[in-house]
Amino acid sequence: MSPDHSTIKEYSNIIRRLAKSGRSGYNHYLIKPLTTWSPQDSTDIEKYMSRIHIERRKQNMFTLPSLYKKTISRAVAPDQFDLSRVGTLCLEFLKEMGKESLVMNSSEAREFFNILSGPFREYREIEFEKTSRSLTEEMMTAGESEVVSMLKKSKRHNDELVQKSELLIDEIIDDIVKGGEKHETLSVQYLVHTATPQMPRLHRDLEKSLKDIGLPDERIDVLYRNTAVIIYHEIIKSIRSGNLKKAVNLISKYTVIFRGNPGTPYHHEVDNFEKNLFKVIEQKNLWDSIN
């Protein structure tokens, strides 16, 4: 499996959630698979970690992938007891992949993704089933007024959205022109902020502006795929924390941005969430109340 930027972001989010899910899931889906990566050795892990910091400061990207492989493999050895270090190292490795194409295209990066692709796919499926069931059950048992409050469309003024959109686009373009590093984060913020059912085409102004300054289609596609990953993981977090209003809002935003594109990350899952919301509305007969 060859990593790309949206998958890097996806794996980072999964590792963070596994770290919060308890020892059993963390060990099963992350630690155990990584024990198969490389033969065990007896090198002091602190020596490996020290070398990573040295090579990173020297910006020697050619040696980083093999060092991360050795360090992560050492961190999952039976004589290592600080398993939180494994998650930290994996997140660091993923971050380096996202920053440096040499690291992302390394054989070690491909091995890392191949090892975790099966366990992470299984975790995603189980997590999705649980959160989908939880969302539907909680909305079905909630009172009518509470559900209407979650589903009712925002009354924000269109002028306010347009003004905020223009300011964010100016900030994004300015950062790109200056060679900054904030435009990717700002672009995701822009899409999440401006994508609303009341103005379903406003978010497309960003893509037009990026093309106008000559940003390649590949980089624009990365921005959109990253946004899809971020929104989905925020939906999962919102449902798990009981913030259903935020989850419903994010489902709506995802649908506005990516409707009609089944190749978008998590399209099937969010489509399922949306269909379940429609079922709740039908069963509770709330169409008139939410419009």
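The model shown is predicted, which means the values in this text are computed figures rather than measured ones. (Residues numbered from 1 in each chain as written. Predicted model: local features only at pLDDT ≥ 70, side-chain atom pairs only at ≥ 80, totals over all residues. Heavy atoms only, no water.)

Caption draft 1: Layout of the packing of helix α2 (residues 23-34) against helix α7 (residues 107-141). α7 packs onto α2 with a crossing angle of 165 degrees between their chain directions and a minimal axis gap of 9 Å. Between α2 and α7, the angle is such that the two are roughly antiparallel. α2 and α7 meet at a crossing whose hand is right-handed. When α2 is examined against α7, the residues H28, Y29, L30, P33 and L34 are found in contact with a partner set consisting of F112, I115, L116, P119, F120, E122, Y123 and I126. The class makeup of the residues in the contact of α2 with α7 is 11 nonpolar, 1 polar and 1 charged. (Axes fitted to C-alpha atoms, helices over the stretch in contact; angles between N-to-C directions. Helix = DSSP H or I, 4+ residues; strand = E, 2+ residues; numbered from the N terminus. Parallel < 35°, antiparallel > 145°, perpendicular 65-115°, else oblique. Left-handed = near helix turned anticlockwise from the far one by under 90°. Contact = heavy atoms within 4.5 Å. Nonpolar A, V, L, I, M, F, W, Y, C, P; charged D, E, K, R; others polar.)

Caption draft 2: Looking closely at the pattern of salt bridges. Scanning the model with the defined rule gives 18 salt bridges in all. Across the pair K246 and E234 runs a salt bridge, and its minimum N-O distance is 3.5 Å. Taken together, the residues span a long stretch of sequence, with K246 in helix α13 (residues 244-258) and E234 in helix α12 (residues 217-241) at a distance of 12 residues. Among the residues examined, K246 registers a relative accessible area of 37% and is labelled partly exposed. The network of salt bridges with shared partners includes R56, E92, E96 and K99. (Salt bridge = Lys/Arg side-chain N within 4 Å of Asp/Glu carboxyl O. Buried < 20%, exposed > 50% of the residue type's maximum accessible area, 1.4 Å probe, protein only.)

Caption draft 3: Here's a closer look at the side chain of T264. For T264, the position within the fold is in the loop between α13 and α14 (267-284). Under the relative-accessibility criterion, T264 is labelled buried at 7%. Side-chain polar atoms of T264 contact the backbone oxygen of N261, separated by 2.9 Å. (Polar contact = N/O pair within 3.5 Å; in protein donor to acceptor, adjacent residues only side chain to side chain.)

Caption draft 4: Quick look at helix α10 (residues 183-194). Between its first and last C-alpha atoms α10 spans 16 Å; for 12 residues at 1.5 Å apiece the expected length is 16 Å, and the two agree. Inspection of α10 places H183, L186, S187, V188, Y190, L191 and T194 among the buried residues, and these make up the whole buried set. Considering only its buried residues, α10 is in contact with α9 (158-177), α11 (204-212), α12 and α13. (Expected span 1.5 Å × (residues − 1).)

Caption draft 5: Spotlight on a negative patch on the surface. Side chains of E166, D170, E171 and D205 sit close together on the surface and give a patch of like negative charge. At 3 residues, α9 tops the list of elements feeding residues into the negative patch. The exposure class assigned to E171 is partly exposed, which follows from its relative accessible area of 37%. (Patch = residues over 30% accessible without salt bridge, like charges linked within 9 Å, V, L, I, M, F, W, Y side chains within 5 Å. Areas by Shrake-Rupley, 256 points an atom, 1.4 Å probe, with all protein chains shown as cover. Lys, Arg positive; Asp, Glu negative; His and termini not counted. Charge placed at Lys NZ, Arg CZ, Asp CG, Glu CD.)

Any functional reading would require information beyond the geometric quantities listed.
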